[in-house]
Amino acid sequence: MTSALTHLIEAEKKAEILFQEIENRNLVIARKTESQLNKEVFNLAFELFGIRKFWHKRIVRSGKNTLLPYKENPPNLTIQEDDIMFFDFGPVFEDWEADIGKTYVLGNNSQKLKLKQDVELAWKEGKAYFDLNKDKLTGSDFFNYTKELAEKYGWEYGNHHCGHLVGNFPHEKLLGEDEINYIHPNNDVLMSAKDINGEERFWIYEIHFVNKELEIGGFFEQLVS
């Protein structure tokens with residue numbers, strides 16, 4: 001295992017601790033706004049790890065906002081009693097980036113609970129496929145496979161890509177925003193290829209399934225490399 005991958009795994013472990021503490025403190029409850037919950041998580045990250053640095057904007061989405069991909073900036077909603085919602089946080093630990101996304105369901109709505117379960121199961125299925133084929137997979141191949149996963153589970157895929165590079169902060173400035181740095185349908189470069197500096201690349205894998213008629217979406221992401 002390379003030193004870089006070790007750092008990324010350690011960063012992700014700390015991010016997982018943050019998510020576990022969110023659950024332990026029962027922060028995901030109704031009648032608070034997305035922005036209120038976002039601020040609470042930000043303050044918790046500082047309390048636990050002393051960090052205020054996130055390599056991308058922090059996302060808390062609930063209700064119909066869960067249909068929208070990362071690039072959107074929807075109105076601030078109040079979390080409802082039977083809501084579905086997801087987090088997408090990219091905390092930076094000692095200059096190494098983590099990127100974790102998880103879905104939560106308040107109440108017992110069967111479709112929302114299925115969606116939460118499906119994004120996690122599909123991620124694991126995609127991870128197994130990646131591990132088996134990573135030396136010959138292009139970004140386009142993996143995106144198309146993931147889109148088929150959405151159909152298999154009875155959903156629509158909700159974004160124009162299904163993941164991206166992650167690394168030493170700030171990787172985006174170092175490597176750019178080109179499609180070859182995303183698991184994107186136009187990316188015909190092998191995911192195992194080196195970066196522009198000849199270094200190994202590491203990937204975050206995203207699952208974002210939606211049902212536009214029901215106005216619900218589920219999201220799950222973490223390191224797949």
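Here's what I pulled together on the structure shown here. Just so you know, these numbers come straight off a predicted model, no measurement behind them.

Cut-off values and rules
- Residues numbered from 1 in each chain as written.
- Predicted model: local features only at pLDDT ≥ 70, side-chain atom pairs only at ≥ 80, totals over all residues.
- Heavy atoms only, no water.
- Helix = DSSP H or I, 4+ residues; strand = E, 2+ residues; numbered from the N terminus.
- Expected span 1.5 Å × (residues − 1).
- Buried < 20%, exposed > 50% of the residue type's maximum accessible area, 1.4 Å probe, protein only.
- Contact = heavy atoms within 4.5 Å.
- Polar contact = N/O pair within 3.5 Å; in protein donor to acceptor, adjacent residues only side chain to side chain.
- Core = buried A, V, L, I, M, F, W, Y, C linked by side-chain atoms within 4.5 Å.
- Phe/Tyr/Trp six-rings, centres within 6.5 Å; stacked < 30°, edge-to-face > 60°.
- Lys NZ or Arg CZ within 6 Å of the ring centre and 35° of its normal.
- Axes fitted to C-alpha atoms, helices over the stretch in contact; angles between N-to-C directions.
- Parallel < 35°, antiparallel > 145°, perpendicular 65-115°, else oblique.
- Left-handed = near helix turned anticlockwise from the far one by under 90°.
- Nonpolar A, V, L, I, M, F, W, Y, C, P; charged D, E, K, R; others polar.
- Pairing = 2+ DSSP bridges.

## Some details on helix H3 (residues 110-133)
Phase 1 of the analysis: An ideal rise of 1.5 Å per residue puts 34 Å on 24 residues; H3 measures up with 34 Å between its terminal C-alpha atoms.
Phase 2 of the analysis: Residues of H3 that are buried: Lys112, Leu115, Asp118, Val119, Ala122, Trp123, Gly126, Phe130 and Asn133.
Phase 3 of the analysis: Check the buried side of H3 and you find it contacts strand S2 (84-89), strand S5 (100-105), helix H4 (139-152), strand S8 (202-211) and strand S9 (216-223).
Phase 4 of the analysis: Sitting at the head of H3, Asn109 places a side-chain oxygen 3.1 Å from the backbone nitrogen of Gln111.

## Focus: the nonpolar core
Phase 1 of the analysis: In terms of nonpolar packing, the biggest core is built from 34 residues, with Ile22, Leu37, Met85 and Phe87 touching the most fellow members.
Phase 2 of the analysis: No other element matches helix H1 (residues 3-24), which puts seven residues into this core.
Phase 3 of the analysis: Not counting residues up to four positions away in its chain, the partners in contact with Met85 are Val28, Leu37, Val60, Arg61, Ser62, Thr66, Ile79, Lys102, Thr103 and Tyr104.
Phase 4 of the analysis: If you look at the next biggest cluster of nonpolar residues, it comprises 27 residues, including Val105, Ala122, Tyr157 and Ile207.

## What about the packing of aromatic side chains?
By convention here, two paired aromatic rings are described through the distance between centres and the angle between planes.
Phase 1 of the analysis: Counted according to the given criterion, the structure contains 18 aromatic pairs.
Phase 2 of the analysis: Taken together, a centroid distance of 5.4 Å and an interplanar angle of 55° make the contact between Phe87 and Tyr104 tilted. Of this pair, Phe87 sits in strand S2 while Tyr104 sits in strand S5, and the two are 17 residues apart along the sequence.
Phase 3 of the analysis: Members of the aromatic cluster, connected to one another through ring pairs, are Trp123, Tyr129, Phe130, Phe142, Tyr145, Tyr205 and Phe220.
Phase 4 of the analysis: A cation sits over an aromatic face here: Lys57 above Tyr70, 4.9 Å from the ring centre.
Phase 5 of the analysis: Over the face of the ring belonging to Phe54 we find Arg58, whose NZ or CZ atom lies 5.2 Å from the ring centre.

## Quick word on H4
Phase 1 of the analysis: For H4, which comprises 14 residues, the first-to-last C-alpha distance of 20 Å matches the rise-based estimate of 20 Å (1.5 Å per residue) to within 8%.
Phase 2 of the analysis: Taken together, the buried positions of H4 are occupied by Gly139, Ser140, Phe142, Phe143, Tyr145, Thr146, Leu149 and Ala150.
Phase 3 of the analysis: Positive backbone phi, at 90°, marks Gly154, one or two positions downstream of H4.

## Description of the packing of H1 against helix H2 (residues 34-49)
Phase 1 of the analysis: H2 packs onto H1 with a crossing angle of 120° between their chain directions and a minimal axis gap of 10 Å. Relative to H2, the element H1 lies oblique. In this structure, the crossing between H1 and H2 has a hand that is right-handed. Touching Lys14, Ile17, Leu18, Glu21 and Ile22 of H1 are Val41, Leu44, Ala45, Leu48 and Phe49, all from H2.
Phase 2 of the analysis: Residues of the contact of H1 with H2, tallied by class, amount to eight nonpolar, no polar and two charged.

## Considerations on the pairing of strand S1 (residues 59-62)
Phase 1 of the analysis: The alternating pattern of S1 places Ile59 and Arg61 and Val60 and Ser62 on opposite faces, both of which are buried.
Phase 2 of the analysis: By the bridge criterion, four bridges tie S1 to S2 in an arrangement that is antiparallel. Considered in S2, the bridge of Ile59 is made with Asp88.

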